[in-house]
Amino acid sequence: MQHQIIRRRGGLRPSALALALALGVGATAPAFAQSTTGDIFGQVPAAAGETVSVTGSTGFTREVPVDAQGRYRIGNLPLGSYTVSLKRDGAVVDSRKDVALKVGGATDVSFQAPATAASAQALDSVTVTANSLPPIDTTAVDSRTVVTAQTLARLPLGRNAEAIALLAPGAVPGSSNLGNGRYRTVSFGGSGASENAYYINGYNSSDPYRNLGGVGLPYGAIDQQEVYTGGYSAKYGRSDGGVISQVGKRGTNDWHFGAQVLWEPKFASSTPGSIYYSNKALPAGYGYADDTLPGTIYRNRQDNTKWTTTYSAYVGGPLIKDKLFFFVAAEAEKSEGTSTASVEANPVANNHYTYNLPKYYAKLDWNINDSNILELTGIHSTDEQRGKYYGYDYDTRTVGGPLGSDADTSKITTKYAIAKYTSYITDDITLTATYGKGWTDDYLQNPTPGLAQQPYIDSPYLQNPALNGGTPITNLNSSSTAQDPNAGSKTHGLRLDLEWQVGDHHLAGGIDNMSYDASNEGSSTSGPGYYLRYRKVAAGNENIPISTSLGVGAPGGDGYYVTQRVFSTVTSMSVDQRAQYLEDRWQVTDRWLLSLGVRNDRFKNFNDKNRPYVNNAAQWAPRLGASWDVYGDSSLKLYANFGRYYLALPNNVAVRGASPSTYTDIYYTYTGIDQLGRPTGLTEISPGAVSSDGEYGQAVDPIAVSARDLKSQYQDEGIIGFDKTLGDGWVTGAKVTLRRLRTAIDDVCDTGLLADKITAQGGDPNSVVIPGCVIFNPGSSNTFSLANVDGSGRTEVKMSKDDWGFSTGAKRAYYALDMYLEHPFDGKWQGRLDYTFSRSYGNTEGQTKSDIGQTDISKTEDWDSAELMRYANGLLSNDRTHQIKAYGAYQLTPEWLVSGNLRLASGAPKSCLGYEDGEEDSDPIGYGSAYHNCNGQPSHPGEKRNPWYRQVDLAVTYRPGYFDGKMAFGLSVFNVTNERKPLNSFSTYESAPTTVNNNYDLGQYYQTPRYARLTATYDF
């Protein structure tokens, strides 16, 4: 789909589950991506004890017998601090205090020294030791990073889920180009930014519309954040990238409260620096769109600074001791600043913007009894952005008065209500049920009054200077599109999990269902219902047709012309996702663990008429893993994992895909420009409204719009690695990851080839209705069902890769070597160093197209025609060949702590998209500058790269002894060396054939310049 710029941003019974019993699962429970719990297991010497009990900080207690081999396991424990006690004849003979659980993991608490019955009678002989955890979890076969609240409090980090996720090896920031910077995203293992999953307390909190990003907790309410980068359990699906799962804090028997103030002052913030047009020599026959601009300023950002204040508070404790607990947290973050638009913008102005990001979190925990727990969670998150424009004069570099216009106001408000019930039916059987609902309001409008007659002006600097007096004429409309004020989404989900310990086997099975309903999503053209795009061809090309394929003639004269564009995609839609899984974790021996699982996913997408256009079922995904505790003492683990992962299509696919849409242009020359920037004296040079994709607002046949045998996108992954302790305080390891995309989904819009296939088979193409674009699997043979014109039924047409003219199918491959060295926090210091060498290559980024910022999920420009895919193979947008990450903290004295965070990475690959090098027609499909050609030569993605990314963040924290460590003052400095490298660059080469865009290859988004954060915290 051709790119369009969008400016936005009761009782439950085990019999309900289908369980299959097979040979073997181990003595420890699986680690799950949506987990909110942890496990404790261990070994007890013969005759040392009969039972093991755990007691948490909420008074919750569980007691289990020790088996004949001296092993015990207590699973699905709520996160917190526990005392683990070994008992004989009901008396405690040994104990371990302050055992802290890690989410989704298993903690080994073994009792090695024999205890006697006599010692059990003497309280002063009971062994009480602090928690000493082995740094290697030999029960895990996945790849994940867990960051605790204690680590978050030490390190200088951005206060969001994505900044925490970037601590994980191989994780890279998603392109800022996506959604014009509206979304914070991360890419894991070369996958697209929309291919991840977010969870809060076990419920999916991913963006319900595009699946770009997700909702996170208030920073101070995060107990632990789990980041999965591969090897997920069969319990998890709907992602082939990574998982960001947050678990919020909970109340205990002790009262806790606190508050924090953070200030990022303007005076401590560096300015981004100005950007100038390049002045490179162009090949013969090529010229710039404006030959007066090379070497001049493109964007002045010298005074563009930002300041932020954040207030947060929390309180938690018992409502009824040992029974009922609550925890409440609130955070109010507000940023203000100025941003100067480029000389190409409309309007050329200073935007005085304000961002408000309030978040609220509440949790209620009820220990009904020692066999049943109920947890209730409420979350409210808002992301609001607004601003006012003040005039800016690039000749004098001065700011003028208010223009009377506002920047777009966007406001995304999300609420979640989550209930989780856990029943320890027996010592060996546990049932959990999680149900949640979500509501999202998605608002994007320009509140400036009087816009009904004012069309947005795109590229006013390309107006004919003879008609505007040499100064571009604009108006108050600052956005090409608007959004329905009633746009939003609703979600609800249910999952049931039953786990059963049978000897050496831990069996698990369950269902995982999610539903998403979106209303009035999409965009419409602002102002009078159209916007204007001023253009100019290079000197010497004035009499060459602009697009032969669309029937657009030459502009003539001085080469100036304008297009009137209409764009409308507002619609409603829904998605139903259901899954069942089975898993057997088999402790084959004391040292060998096998994880054998399978998951079956079904995805069903509905259009605005509630008619399905995608229905994928029986999608079986095997998950196989193995772990070898080589020496039996958790000092060396070898592990491997193989899995298949299916990816669902989010609701956004229905927009411009399975629902009506309009995307048309009328081309004109003009002889004048009025006071609102509208052209006058129009002469049409196109045959009316034209559309490259055939989007004229016509009704869409949901049966014809997607292949009848469409397969979901899925990926295969293999991991092999090791972890090894080095002495008492260090752990190291390495792993190799291979990922290969097996099937992708996109749309193809060269549907005239359907008519050619019908003709070749002896049929009449005029007897069927052929859509403008259809959804298919690139490179595979797909069958399409087309409605007969006479209403007599349907005609099926099977199209192969060759029928579409493609020389190859969708390709995306990723391989990586990750190595690390870590020193866990020992009360004095902690540190970790990661190095990743990786490659992400092919011709398909995934569901998005980052080089042009396209967020039409699985409907990108790629694969719209064979011409667009010539020379498309290369390095993909999320490739970073080298990455070095390091972080650490050192307790200088009981009062002073210093910490730091370092990231070094290869720059993102560049693309150069231009017109075809053809003598007859340089734009054979009417897509403009969208082909992999540059300077008339083939241009593979990644032939050039943006510069290396380098960032160092440092912090110091002071806790005066006078306040018993409850009060803390901190200073963090981010980007200490003030690096201001581009993160991505403009990739569209030409505005017309041989007419080079002046902004081509300029940086579009840059590193945030150096800034400081001051904090004051009180915790009781």
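Remember, it's a predicted structure, so these values are computed and weren't measured experimentally.

(A) Spatial organisation of the packing of aromatic side chains. Summed over the entire model, instances satisfying the criterion amount to 33 aromatic pairs. Summarising the aromatic geometry, the rings of Tyr286 and Tyr989 are spaced 6.2 Å apart at their centres and angled 50° between planes, so their arrangement reads as tilted. In this pair, Tyr286 sits in the loop between β17 (275-276) and β18 (287-288) while Tyr989 sits in the loop between β57 (982-985) and β58 (990-992), placing the two residues 703 residues apart along the sequence. Owing to a relative accessible area of 3%, Tyr989 belongs among the buried residues under this scheme. Taken together, a centroid distance of 5.8 Å and an interplanar angle of 20° make the contact between Tyr314 and Phe327 stacked. Highlighted residues: Tyr314 in strand β20 (residues 306-320) and Phe327 in strand β21 (residues 324-340), separated in sequence by 13 residues. We classify Phe327 as buried; its relative accessible area is 4%. These aromatic residues form a ring-pair network of at least three members: Tyr199, Tyr228, Tyr232, Tyr236 and Tyr645. Stacked on the ring of Tyr314, the Lys or Arg Lys249 has its end atom at 5.9 Å from the ring centre. Above the ring of Tyr639, the side-chain terminus of Lys637 is found at 4.7 Å from the ring centroid.

(B) The arrangement of the side chain of Asp365 in detail. Within the secondary structure layout, Asp365 lies in strand β22 (residues 349-369). Within the local environment of Asp365, its side chain forms a polar contact with the side chain of Arg250, the two groups lying 2.7 Å apart. Not counting residues up to four positions away in its chain, the partners in contact with Asp365 are Arg250, Gly251, Lys323, Leu324, Phe325, Leu374 and Glu375.

(C) Up close: the sheet that holds strand β9 (residues 143-148). An order of β9-β14-β15-β12-β13 is seen for the five strands of this open sheet, with the pairing classed as mixed. The open sheet has two edge strands with one neighbour each: β9 and β13 (203-204). Here β9 runs beside strand β14 (residues 222-230); their pairing, made up of six bridges, is antiparallel. From the neighbouring strand, Val146 faces β14, where its bridge partner is Glu226.

(D) View of the side chain of Asn777. Here Asn777 is to be found in the loop between β45 (774-776) and β46 (782-787). Taking relative accessible area as the criterion, Asn777 reaches 1% and is therefore assigned buried. Each residue touching Asn777, except ones within four places of it in the same chain, is listed here: Asp709, Leu710, Lys711, Thr743, Ala744, Ile745 and Asn782.

(E) Looking closely at the state of the cysteines. Evaluation of the coordinates by the stated rule reveals two disulfides. With its sulfur 2.0 Å from that of its partner, Cys749 forms a disulfide with Cys773. Residues Cys749 and Cys773 are joined by a disulfide whose S-S torsion is about 105°; by sign, that bridge is right-handed. Remark: Cys773 occurs in the loop between α5 (752-760) and β45 and Cys749 occurs in the loop between β44 (746-748) and α5; sequence separation between them is 24 residues. Accessibility assignment for this pair places Cys749 and Cys773 in one class, buried. Two residues share a disulfide in this structure: Cys912 and Cys934, whose sulfurs sit 2.0 Å from each other. Every disulfide takes its handedness from the sign of the S-S torsion; for Cys912 and Cys934 that torsion is 65°, giving right-handed.

(F) The nonpolar core, seen in detail. By size, the foremost hydrophobic cluster in this structure holds 37 residues, and its most contacted members are Tyr613, Phe776, Phe784, Leu786, Met799, Trp804 and Phe806. Mapped onto this core, the elements with two or more residues apiece are β36 (612-629), α5, β45, β46 and β47 (794-799). In this structure, Phe784 is in contact with Ala704, Ser706, Ala707, Leu754, Val774, Ile775, Phe776, Thr795, Glu796, Val797, Met799 and Trp804, ignoring residues within four places of it in sequence. Membership of the second largest hydrophobic core comes to 24 residues, among which are Ile40, Val44, Val52 and Val54.

(G) The arrangement of a nonpolar patch on the surface in detail. Among the surface-exposed residues, Ile720, Val736, Leu738, Tyr815, Leu817, Met819 and Tyr841 lie close enough to one another that they form a single nonpolar patch of about 580 Å² accessible area. Residue assignment for the nonpolar patch shows that the elements contributing at least two residues are β43 (730-743) and β48 (812-823). Of all the elements, β48 adds the most residues to the nonpolar patch, at three residues. Checked against the element boundaries, Ile720 lands in strand β42 (residues 713-726). Judged by its relative accessible area of 54%, Ile720 is exposed.

(H) Structural context of the confidence of the model for the chain. Summarising the model, the chain shows a mean pLDDT of 91, and 94% of its residues fall at 70 or more. Every residue in residues 4-33 is under pLDDT 50, and counting partners more than four places away or in other chains gives 130 contacts. Contacts of residues 114-133 to residues separated by more than four positions or lying in other chains number 26 contacts, the stretch itself having pLDDT below 50.

Definitions and limits used
- Residues numbered from 1 in each chain as written.
- Predicted model: local features only at pLDDT ≥ 70, side-chain atom pairs only at ≥ 80, totals over all residues.
- Heavy atoms only, no water.
- Phe/Tyr/Trp six-rings, centres within 6.5 Å; stacked < 30°, edge-to-face > 60°.
- Helix = DSSP H or I, 4+ residues; strand = E, 2+ residues; numbered from the N terminus.
- Buried < 20%, exposed > 50% of the residue type's maximum accessible area, 1.4 Å probe, protein only.
- Lys NZ or Arg CZ within 6 Å of the ring centre and 35° of its normal.
- Polar contact = N/O pair within 3.5 Å; in protein donor to acceptor, adjacent residues only side chain to side chain.
- Contact = heavy atoms within 4.5 Å.
- Pairing = 2+ DSSP bridges.
- Disulfide = S-S within 2.5 Å.
- Core = buried A, V, L, I, M, F, W, Y, C linked by side-chain atoms within 4.5 Å.
- Patch = residues over 30% accessible without salt bridge, like charges linked within 9 Å, V, L, I, M, F, W, Y side chains within 5 Å.
- Areas by Shrake-Rupley, 256 points an atom, 1.4 Å probe, with all protein chains shown as cover.
- Salt bridge = Lys/Arg side-chain N within 4 Å of Asp/Glu carboxyl O.
- pLDDT = per-residue confidence, 0-100.

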